[in-house]
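# Secondary and tertiary structure notes
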Amino acid sequence: MLELRQLSKSYNGRPVLDRLTWNFKAGEFVAIMGDSGVGKSTLLNLIAGLDTPDATPGESPIIVDGSPMSGLDDDAATKLRRARMGFIFQAFHVLPHLTLLQNVALPLLLNGMPTARAAEMLDAVGLAGREHDFPHQISGGQMQRVAIARALVHRPALVLADEPTGNLDPDTADAILTLLQREIKATGACAIMVTHSQLAAQKTDKILHLSKTGLKETTTSIRLRNN
Amino acid sequence: MNTMPKPPRRDWTIIVLMLMLAALVIASFASLPLKWREFFTADAVRSTLELLAGFTPPETGLPFLTKTFWATLETLAMSGLGTLLAVIFGLAFSLPASGRFGAAPRAAMRAVLNVLRSIPELVWASIMLIAAGLGPLGGTLALAAHTAGVLGRLFADSLENAAPLPEQSLRTNGASATAAFFYATLPQTLPQMMSYTLYRWENNIRAAAILGVVGAGGLGQMLKYHLSLFQMPLAATVILAMLLLVALVDGISFALRRVLTR
């Protein structure tokens, strides 16, 4: 689903990511952990095509769903993100002037797809009947539910989540991660979540630790071991 | 034992500035040939009262009222169309002026907007009347030119001050730059832009009434015509029409702005 091949990134000659190689599979929910400043958000930005990796000879260091990210201009990278990726942010980034339904329908509109699925997704995340509410009328946990619905509504192949439970209390965070896990399995997407929370990471299939030496699988999550 | 903190040191800069300001005000009055006493002589008071008495009673004949009504509509149309053109151009100018296309276009467009709004409507009207001839078109273009400068600057500041996260989030989600602007940034700034537009429309109603004096049509042109022929009752009717129009537009604009900022 997502291949990293000798992916490197440096800023002003200072290496941040050094020759990362990993293969993320479809339907897999992976947590990436690591110290602050180690390059977790940089890695997400590179995967999303929001930043460019260091030039490497030969093949593209990032391949998303069979499409090489290198060499794509801004327009092509935007189209790839729009069609194949979904994003969940720590601060929700729900548009305040749109209703919950309009927020969820936005990726469908941008992709020129029918918007009927937006209501289904709101129902799936437990917000049926709140379609015409505005974001200021709901709680933080509910806003993250909207963000999850918006990230998955257009059936992306890859979901990128940056500290999605960072602004939530532990109980709400647990409920949100359970929901995310369920919806990812239902859509068959590959999801990569950057987090500092060990509890959040335990909800995933696989925990990777990012350090100066690269990506390393540290622990198979409790959930997977229990299964 | 607690010790009191030392009081702050006296700042002499403010005192010196205030003294300089006072000196400037005194020098201004001293240098102007203001003859205060002559304003309040019996002759001055008598001639003022005579002038005011000449305005009463205002002309209320149907033909003149009809003529005034059409001139009022012309003034209203000039202000409305001038403001509409200003909104269109102001919005177009505000995009580069808000730095969306880089620092150089921002600086260049802000300089253009400075020029547009630094030239008063009356001067614009004099220029436009040469280009477009006598009548409401010149007045409308004059209002549009000055107001485009004002609104362009205000719109640009609104766009610059809008929260960037919603637009960034949409760009991340794969929205094109245009779609992200229309879905995220413009809706944030729209109530403020509408409020600025209504306020400028209020100003333009007053300005449109004045612009007629230089031949740009509407109530102003009627006022100038009748005053120059010393037809004071007719001029009084025109002045009353101006007052009513301004009060009406102020009221509508105030009510709409209250709704928008609620």
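Small disclaimer: the values here were computed from a predicted structure and weren't measured.

Following T56(B), the chain continues into P57(B) via a peptide bond in cis, with omega recorded as -10°. Note that P57(B) resides in the loop between α3 (42–54) and α4 (62–97). Although it is not a glycine, E163(A) sits at a positive phi angle of roughly 45°. Among the structural elements, E163(A) can be located in the loop between β7 (158–162) and α6 (170–187). The residue F230(B) is not glycine, and still its phi comes out positive at about 55°. As for its position among the elements, F230(B) is in the loop between α10 (218–228) and α11 (232–260). The class for F230(B) is exposed, based on 10 C-beta atoms found within 10 Å.

Turning our eyes to something else, we now look at the interface of chain B and chain A. At the junction of the two partners, chain B supplies 13 residues and chain A supplies 15 residues. Of all the secondary-structure elements, those providing two or more residues to the side of chain B that touches chain A are α8 (165–172) and α9 (177–211) of chain B. Examining the composition of the side of chain B that touches chain A, we find that 5 residues originate from one element, α9(B), more than from any other. Class assignment of the residues belonging to the side of chain B that touches chain A gives a composition of 7 nonpolar, 6 polar and no charged.

Moving on: the pairing of β7(A). Residue and element names in this part refer to chain A. With 5 of 5 residues buried, β7 lies mostly within the body of the structure. The two faces of β7 match: L158, L160 and D162 on one face and V159 and A161 on the other face are all buried. Pairing of β7 with strand β8 (residues 190–194), which is carried by 5 bridges, proceeds in the parallel orientation. Across the sheet, residue L160 finds its bridge partner in β8, namely I192. With α6 bridging β7 and its parallel neighbour β8, the resulting β-α-β unit is right-handed.

A general trend in soluble globular proteins is that nonpolar side chains are found buried together. In this structure, V104(A), V159(A), L160(A) and A191(A) are the most contacted members of the largest nonpolar core, which totals 70 residues. Here this core gets 7 residues from one element, more than from any other, and that element is helix α5 (residues 140–152) of chain A. Excluding residues within four positions of it along the chain, V159(A) makes contact with G86(A), I88(A), A151(A), L152(A), I184(A), A189(A) and A191(A). Judged by nonpolar contacts, the second largest core, of 45 residues, contains L143(B), A208(B), L219(B) and L245(B).

Cut-offs and rules
Residues numbered from 1 in each chain as written. Chains lettered and ligands numbered in written order. Predicted model: local features only at pLDDT ≥ 70, side-chain atom pairs only at ≥ 80, totals over all residues. Helix = DSSP H or I, 4+ residues; strand = E, 2+ residues; numbered from the N terminus. Buried ≥ 20, exposed ≤ 12 C-beta atoms within 10 Å, placed from the backbone. Contact = placed C-beta atoms within 7 Å. Nonpolar A, V, L, I, M, F, W, Y, C, P; charged D, E, K, R; others polar. Pairing = 2+ DSSP bridges. Right-handed = clockwise from strand over helix to strand, strands pointing away. Core = buried A, V, L, I, M, F, W, Y, C linked by C-beta atoms within 7 Å.

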